[in-house]
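A structural walkthrough
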Amino acid sequence: MMHNSISEPSQSLQPESGYLQGEGIMNSEKRIKHLKGVFGDDDAFNKLDLEKLVYKVQAHLPVKEGTPGGLYFGTTTIQPGKIGKEYFMTRGHFHANADRAEYYWGVQGDGMLILMDSNRCTWAERMFPGSLHYIGSFIAHRVANTGKTPLIFGACWISDAGHNYEEIASNGFSGRLVEIEGKPKLVEG
Ligand code: M6P
Ligand code: ZN
């Protein structure tokens, strides 16, 4: 049987900015006060305004978290800034179902995708408008804004991936992305 109906989509995505609009878009914010223990330099952290916005996430989560076979879609905007020498960045996570993969892609600004495998080997990929990043199984991921304007990136992940923040909260990444002589560098720590 055919439904003779043409409808408008319930959600839309602004291609230039990644901005999501429509039914059921979730918005969340991470301010300095939400990011205790994420950055290496505690003195620099404690001097900052706790209410300062670091990043926000918009997401379309059409199925219940944990549903096999569904997909989630998000846009993350990281403000420019540093805490000590370390760039503003997302908390970062492994997936709770650690073998689930994810795509990230650059929309606006300059950044770095920081990746760490299960042997705690860390590396980074440059992010720029149009860059595409396949984050495979068992790889922790976080994004840093290395530029002077907001960094916007898109993400698409599996609805039963989940987030494991505990591993990163306890042990961090084995490398940190800091600014040295005006350039981003991955250093031990
Ligand atoms: C992307 C996706 C989300 C994630 C967000 C912020 O949009 O990977 O699942 O929540 O980035 O990253 P985090 O949760 O690590 O702070
Ligand atoms: Zn993820």
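Quick summary incoming for the structure in this document. Remember, predicted model here, so these are calculated numbers, not experimental data.

One finds Y104 and V143 to be the most contacted residues of the largest nonpolar core, which totals 37 residues. Among the secondary structure elements, those contributing two or more residues to this core are α1 (42–46), β4 (53–60), β5 (71–78), β9 (111–116), β12 (140–145) and β13 (151–158). The element that contributes the greatest number of residues to this core is β9, accounting for five residues. Sequence-distant contacts of V143, defined by excluding residues within four places in its chain, comprise I78, F88, M89, T90, Y104, M112, L113, M127, L151 and F153.

What follows concerns the coordination of the zinc ion (ligand 2). Under ideal tetrahedral coordination, the four donors around a metal are separated by 109.5 degrees; under ideal octahedral coordination, the six donors are separated by 90 or 180 degrees. Looking at the metal site, the zinc ion (ligand 2) is ligated by H93 (NE2), H95 (NE2), E102 (OE) and H141 (NE2), spaced 2.0 to 2.2 Å from it. Binding-site remark: the zinc ion (ligand 2) is held by donors from one chain whose sequence spacing is H-x1-H-x6-E-x38-H. Of this pair, E102 sits in strand β8 (residues 102–108) while H141 sits in strand β12, and the two are 39 residues apart along the sequence. The burial state of E102 is the same as that of H141; both residues are buried.

Taken together, 14 residues surround ligand 1, and among them Y55, E102, Y104, H163 and Y165 come closest. Coverage of ligand 1 by the protein amounts to 94% of the 370 Å² it exposes when considered alone. At the level of secondary structure, the elements contributing two or more residues to the shell around ligand 1 comprise β4, β8 and β13. With three residues, β13 is the largest single contributor of residues to the shell around ligand 1. In terms of residue class, the shell around ligand 1 is made up of seven nonpolar, five polar and two charged.

What counts, and at which threshold
Residues numbered from 1 in each chain as written. Chains lettered and ligands numbered in written order. Predicted model: local features only at pLDDT ≥ 70, side-chain atom pairs only at ≥ 80, totals over all residues. Heavy atoms only, no water. Core = buried A, V, L, I, M, F, W, Y, C linked by side-chain atoms within 4.5 Å. Buried < 20%, exposed > 50% of the residue type's maximum accessible area, 1.4 Å probe, protein only. Helix = DSSP H or I, 4+ residues; strand = E, 2+ residues; numbered from the N terminus. Contact = heavy atoms within 4.5 Å. Donors = N, O, S within 2.8 Å, 3.2 Å for Na, K, Ca; no water. Near = heavy atom within 4 Å. Areas by Shrake-Rupley, 256 points an atom, 1.4 Å probe, with all protein chains shown as cover. Nonpolar A, V, L, I, M, F, W, Y, C, P; charged D, E, K, R; others polar.

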